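What follows is the residue order along each chain.
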Amino acid sequence: MPENYTDPSGNTEAFRAFNQTPEATAPTDAPSRLPLIIGAAVVVVVLVALVAWLATG
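In this text the structure is predicted, and so the values were computed from the model without any measurement.

Caption draft 1: Spotlight on the overall build of the protein. When helices and strands are tallied, the protein shows two helices and zero strands. With 57 residues in all, the protein has 2% of them scored as buried. With the model as given, the accessible surface of the protein reaches about 5,700 Å², and the carbon-plus-sulfur share is 66%.

As structure tokens, this is what we get:
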């Protein structure tokens, strides 16, 4: 740790200032990937069925 690091619990004033600082906001949730995964699974099933149909036909 750097030499000039001050432990916020070292005195009451520093601790209160540390305790009252706002925490970083959590990043917004990304949109759900579920529709993308379902769409990809449907495409894979269709392609496998097409290849199987062409192979047996």
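Caption draft 2: Spotlight on the UniProt feature "transmembrane region" (unreviewed entry) in the protein. According to UniProt, the "transmembrane region" (unreviewed entry) feature falls on residues 36-55. Within the segment residues 36-55, helix and strand shares are 100% and 0% respectively, and the terminal C-alpha atoms sit 28 Å apart.

Caption draft 3: Geometry of a nonpolar patch on the surface. Together, V43, L47, L50, W53 and L54 make up an exposed nonpolar region whose accessible area comes to about 550 Å². Within the secondary structure layout, V43 lies in helix α2 (residues 34-56). For V43, a relative accessible area of 47% corresponds to the partly exposed category.

Caption draft 4: Inspection of the environment of S32 at higher detail. With respect to the secondary-structure elements, S32 resides in the loop between α1 (12-19) and α2. Within polar-contact distance, the side chain of S32 engages the backbone nitrogen of L34 at 3.2 Å.

About the thresholds
Residues numbered from 1 in each chain as written. Predicted model: local features only at pLDDT ≥ 70, side-chain atom pairs only at ≥ 80, totals over all residues. Heavy atoms only, no water. Helix = DSSP H or I, 4+ residues; strand = E, 2+ residues; numbered from the N terminus. Buried < 20%, exposed > 50% of the residue type's maximum accessible area, 1.4 Å probe, protein only. Areas by Shrake-Rupley, 256 points an atom, 1.4 Å probe, with all protein chains shown as cover. UniProt positions renumbered as here; feature names shortened; annotations may be inferred. Patch = residues over 30% accessible without salt bridge, like charges linked within 9 Å, V, L, I, M, F, W, Y side chains within 5 Å. Salt bridge = Lys/Arg side-chain N within 4 Å of Asp/Glu carboxyl O. Polar contact = N/O pair within 3.5 Å; in protein donor to acceptor, adjacent residues only side chain to side chain.

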